[in-house]
Each structure stands twice: as C-alpha cells, then as structure tokens.
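In case you want the letters, here they are:
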Amino acid sequence: MYRTIDSTPLGEVRWECFTMQYPQDAIPKPIDSAPSWMTSEHEVWYRDVHAIVKSMLANPDFKLNIDYAPLREYYSDGSRCLKDFMSGDWAWKQAVSCSSDILGETQGNIGSAFVPVILGSDKTTVSVATGSNEYYPLYVSLGNVHNSVRRAHRNAVALAAFLAIPKSARKYSGNVAYRKFRRQLFHSSISRILRSLKQFMESPDLVLCSDGYYRRVIYSLGPYIADYPEQALLACIVQGWCPTCIARVGTESDEAPAIRRSRDHTETLVSAFPLGDLWDGYGIIGDVVPFTNDFPRADIHELIAPDILHQLIKGTFKDHLVDWVEQYIYKTHGKTRGENVLTTLDRRLAVVPPFSDLRRFREGRGFKQWTGDDSKALMKIYLPSIQGIVTTDMVRAIRAFLEFCYTVRRHAHSPQTLAGLEDALSRFHRYREAFRVAGVRTKGFRLPRQHSMVHYCKRIWEFGAPNGLCSSITESKHIKAVKEPWRRSNRYEALGQMLLTNQRMDKLAMSRVYFEDRGMLTGTCLGAALATLGAFALASFKTLTALHELQLPTLCDMIRRFLFHQLNPDSDQSGAALRLTQCPAFDQQVYVHNSAEASFHAPSDPSGLEGMRREHLRATSAWRGKHPRYDCVFVNRDSSLHGLLGMDVARLKCLLSFKYQGIEYGCAAVHWYRCVGNAPDEDTGMWIVQPRMFRRTPVMSVIHIDTIVRAAHLIGVYKGSGVDLEDLEYYRSLDVFERFYVNKYIDHHAFKLLHT
C-alpha cells in the first residue's frame, strides 16, 4: 500500500533540506570552547513553496470558493461587505501597485491574477509529559480561497517547513549573541524557503487553476498568522511594544493607535540612531533584518494578522479578566472567605443547563491545563455567573469585551458592525478602570494583547473578517501535521518519519479530491446494495397508546386547539380564549420523539462551507439513559422584528407527530416563558425571562415544529435567587430557578439574533 501511495504523482512536493550556521569568523577562539549553538549546523526541512502554491491553485475542490482578483462587495443598502480576504482594501491596493509597477510595463500581462501567500508559524510541543520534543512548523495558504475553506482545513493550509530550533545551555538564554542569532536564523530561514516565489512577484507565472483555465499569476507576501511573541519576533521589536504602531504598551496612548510602523520608517530610524536608542526609544531591534525586506511590496508591520485566539480569547479573557476577577475576590474578601466565594462561582458554572456542544465545567474552573476550546466554553457562560460577586462596572467591562469579541468573530463585517466594535471597545476601556480602582491593576494596563484591540477595525478594513486569519487555524493544523505523525513514529529520529507521513497524507488527500472531481467516489458500495434492496430509514419514536403516559393531562386539549388554528389560519382567536367545543375532535395515534434537528444559517459558527449548521433539540425523560433533558427554544412570532421583540422563549415538554385528515403534523408541546421588562438587563446585556404561570399552572400549548427558530440557552439568575447550589444537579437548573438569562453568548448565531 505504501509503495502505491509513494508512486502517486498527485500532491507530490518532495521534502528538501538546507543548513545554516553561526558565522565562522565570529566564533570565539579556541573553537572547542565555543557553545554548541555556534558550532552546530542547524537543519531546516522544507518543501518548494512555489510548487505548493501551484498545487493549491489547481485544486478542483476550490473552484467555487476562490477569488482570482480583489473585489468590492456591498450589501443591499450600499454599505461595504468585508468578508473574505480578497474583499479587503490591502489586496486592492497591492493589485493596483502590481498593475502600475509590473503589469504596466508589458501590455500582455494586463489581467493577471493576484495571489497573496499567507504564512503562519508557531512552536508546538508533542510530548506534554517531558516537554522536550518541540517542533517549529511553517504553514502556507492562499489569500484567494474563501475564509470558510481555510477554516474548514480543506487542504487550504499546507505544511511548508520545519524551522530549526537552536538549543543552548541555560546560561546562554540571555546571551545577546545567542538571541540575535536565534532571531536572524528565523528570518533567514523563511527568506530562503520563499526564494522560489520571488521571481514571480515581479513577472507573471503561468499556472493551471482550479476551474481548468490557465492564468498569469503575480504572487505577493500576504498576512502572517502568529501569536504575540511570534509577532514581536517577526517585526523585530522588543517584547512589550506594539508590532503595528510605535506605542509602548501601557502608556497613556494605549487606548488609541500611535504612529504606525512601516518598513521605510524603521529603516530611517535604524540609519539615524544607535542600537541602544532604537531599543529604548522605539522598541526596535536594529541589528536583525526581517525576511520581508528580501521581497518586493512587503512590509512586515502591515502584514501582522489579528489573532483572535491568543489576543482575545486566551489572552484578554482567560489570562487577564478571569484572573483579575479572582484577584479581586481575594483582595476584597480575604483568603478564607475568598475561597468560599470562588467555590460559589465554581458551583454556578457547574450547574449551567446543558446545550449542544457546550463543555461542562463539572468542578468549575479547577483544572490545570486550559486549551483554547476551554476558554471559548467559559466565555459562553461566565458573565451570568459573576453577577453579584463583582462590582457592576466589572460586569459591564466583561460584557463590553464579550460584545467586542463576538462582533469581531463575525463571518462578514460592515461599517455598522465596525461602529459597534468601536463602541464596545470604548466601553471596555471605560469600565476596566474598575479593576484599577479596586487595587487589582494598580500599575495600569500595560498589556500588548489588550492594546492590539485598537487595531482590529483597521485590520478588518484591510484583510476582511479576521476569523479567516486566526491562529486557531494553525493550532488545529498542528494536530494533523505534527502531533499525529509524531505519535505514528517510533520516536527515534522522528522528524524523518513525520515528513514521510505528511507527504503520504497530502498525496491521499489530493488523490481523493481529483477522484471526487471525476465522479469516481460518488456513492458507496453499501448505498448501491441498499438501493437495490429498497432501503428505508426509521426515525426514532415511541407510539403513544395513552396520552397520560407523558404526564401532560391537557395534551389532547392542546392538540385540538392546535388543529383549530391549522384548519383556520385566518382566525385571530388566541388559544387561551378558544372554547374546546369550537375545536375538532381528536382520537388519532400520537408518536413521541426524543429529539428533533434544527438547521439554520450560521456562517460565523463552525459549519459547512455554505454556512449551514445543525443542532439537536432534546425532549426526553432519560437523556443518554440517565436524567431528563427538556431543552428551551426560540419560537418565531414576527420575523420583521429583531431578537425577542419578534420571538418568544419556550421550553420543550414533548416532541410529537400525528396524522389528521391525511396530513402529517410535526409538533411540540411547550411551556411558555415571558420577558421580565421591555429591554435587556443593563449590566449583562441579556434578556431575562421567567416561566409563564396561570393560577400556579404552567401556560402551555402545542405549536408546529416549523415555528421553532433554534435552541435557546437559559442560565439561572443567581443573584437573589436563594437557590442552594451545593447539591443541585445541572439538569435540574431549569426546574429550580425562577428567572433566567437568555444567553446570547452561547454561540455567534444566538449573539446575532439577540444583540441590540
């Protein structure tokens, strides 16, 4: 099998190697006394980036999801739509620059495609136990493919190289020569890897594209995906400074961008000031040359991509705000009482009702190793949990940050969403002062990852929606490109085995794409056999012989009222005012279902290429054979109104189907909730609802399942509830609390539905 895979020409870009070494004439004498990082040859394994890019451009899987030229998209109201990378202003300006500098010289080159090459790198550890096995992968992608393709990892992100990691004894970790060598090795390696592209950045390359046509192509270096330490390395700046503007993070200018850095400005400063003044006054490491200086139209300060994962989710939220809340609790209540307050917070997190794909915090925040997914899950439920534990301004600061973060992660932006982004950022800067006043941040907010937020609007105008350039894409690629190949190796000189595994996986992936494009993988053997036999599918349901089995004594009456409105759609009589004598009789067989599937368009959430997302709604007395689960839903009332002004909240009590007069009806018996007040809560920005009761009896009805928009997530209002959380199980939360927050942070689609 391996021989067959190895002989496959599809997707074949072979691995090559070059070595780099510390300048021999600079090694101190005698050489035997020099440290190993000076005398060793540092290997860099790479693949021809030009060949990788051509293979991507020819990939037929991308033919419906690729733009060969910059474009301007507009909404129906005439406002700009900033979505995929090529819809941003940076690609437009680069194409104009190419047209004037290159294509204008040769009339036959007019109309060439513009291909920005996106890069990303990040060290990763494959052995958590020892931490001694580090690899430094470099990834490459195309700015032409749509963000949804890049996020879906459909061969749109490729492993290009393993960079060298020079090792040294601890005593050299702060050595000036070692640190300079490590930085320059990084830049020189990338410059060498990209060398094959350089000639086609100034003269067009003839390339076969995914739609079967040949195009002349001009390449250019595009954004670089990296976390903050990597950004500082890329921009050749001192840690603590901004790679985009000349702001020393933590000064009074932290809330607004300072003078923007540029290649020309940096070169002018380097030529005018000594290294020490550059370091102290401008945060520039003047004796290291960025790799972008070797390529035309490339300015590293313009190419730093926004990093939602490390700057916002893991940085500002988890490492800053969550930690500040804990510090505030200890500072306010002392060690012993503070532990009790944190225990209460942990219990609040533990009893949050279940929801599809929501990670449960069984012990609260108390586990050692946090991942990006853990931080994302905590963001969804954190705000209601701290209400009443911290000050109002702290709650509002975290609310403003969450609104900023959820708005940034939209799949498409407009001037209106960017105005909302600026407003959220302004409120965050205003309310975060509460942590300074409380003594938690007495030294202010000297935090590069928080400062980066002031550049997001500008970067969105330049690069489109930032969720297509997030480091979560490269983090996920680590699993397939580094960690799984390492686990398949025998651990002895594993890199060579990892390179072979990656090459074989690329060949298999590309073969599958070409086979599918030629219709060779349509259907399956099992599907063909079932079609021959007359296959059928069974839905999971239970036949109800007696309606009292559901413990809904009025179910039959509710079905009759439901049928009246189905048979009389123009009637304006409410179900509560309708007399049963007006309703049709019903004695048909009823089928009860444990779940239903809702499908809706949610491109900002993990979804298919076209943005469709599926979630399951549960209504069962024994979910997974254990405890009951009855989910909540949004029910459409008026599609012309936004949020809960046009929807109602209800809790499923039963999912059922039946036939009446030859028509099959899919229905749900629901317990209605009503809004508390006419607007969302001022502190959290979330609506508050409570169950509707009439003479201590739940207000219920049967509705058509088509009126359900999607699932809703409710979290109990802990403040002032008097509910004992000690022995409360999470699946009983919806039965115990009297009032609930309608959680708009459960996912991006819910945020879009409910955010005002």
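Our structure is the block above this text.
The present account deals with the structure reproduced in this document. (Residues numbered from 1 in each chain as written. Predicted model: local features only at pLDDT ≥ 70, side-chain atom pairs only at ≥ 80, totals over all residues. Heavy atoms only, no water.)

Quick look at unusual backbone geometry
Here's step 1: In this structure, cysteine 236 takes a positive phi of about 55° despite not being glycine.
Here's step 2: Of note, the phi angle at arginine 491 is positive, near 75°, even though the residue is not glycine.
Here's step 3: Here arginine 491 shows up in the loop between α19 (471-488) and α20 (494-517). (Helix = DSSP H or I, 4+ residues; strand = E, 2+ residues; numbered from the N terminus.)

Some remarks on the pattern of salt bridges
Here's step 1: On inspection of all chains with the given rule, the structure shows 30 salt bridges.
Here's step 2: The salt bridge partner of aspartate 683 is arginine 396, with a shortest N-O separation of 2.9 Å. You can see aspartate 683 sitting in the loop between β19 (663-675) and β20 (688-691) and its partner arginine 396 sitting in helix α14 (residues 392-408), a full 287 residues away along the chain.
Here's step 3: Note on aspartate 683: relative accessible area 14%, which makes it buried.
Here's step 4: A salt bridge links aspartate 735 to arginine 651; the shortest N-O distance between them is 2.6 Å. Taken together, the residues aspartate 735 in helix α23 (residues 733-736) and arginine 651 in strand β18 (residues 647-660) connect sequence positions 84 residues apart. (Salt bridge = Lys/Arg side-chain N within 4 Å of Asp/Glu carboxyl O. Buried < 20%, exposed > 50% of the residue type's maximum accessible area, 1.4 Å probe, protein only.)

Quick look at the packing of aromatic side chains
Here's step 1: Inspection of the entire model under this criterion finds 32 aromatic pairs.
Here's step 2: On the basis of an interplanar angle of 55° and a centroid distance of 5.2 Å, the ring pair of tryptophan 324 and phenylalanine 435 is categorised as tilted. Of the two residues, tryptophan 324 is situated in helix α12 (residues 308-350) and phenylalanine 435 in helix α16 (residues 433-437); the sequence distance between them amounts to 111 residues. By the burial criterion, tryptophan 324 is buried, and phenylalanine 435 matches it.
Here's step 3: Aromatic ring contacts, followed pair by pair, group Tyr22, Trp37, Tyr178 and Phe181 into a single cluster.
Here's step 4: Residue placement shows arginine 72 over the ring face of tryptophan 92; its charged tip is 4.2 Å from the ring centre. (Phe/Tyr/Trp six-rings, centres within 6.5 Å; stacked < 30°, edge-to-face > 60°. Lys NZ or Arg CZ within 6 Å of the ring centre and 35° of its normal.)

Description of the side chain of serine 141
Here's step 1: Within the secondary structure, serine 141 sits in strand β8 (residues 137-142).
Here's step 2: The class for serine 141 is buried, based on a relative accessible area of 3%.
Here's step 3: Apart from the residues within four sequence positions on either side, serine 141 is in contact with Met56, Pro116, Val117, Ile118, Arg150, Ala156 and Val157. (Contact = heavy atoms within 4.5 Å.)

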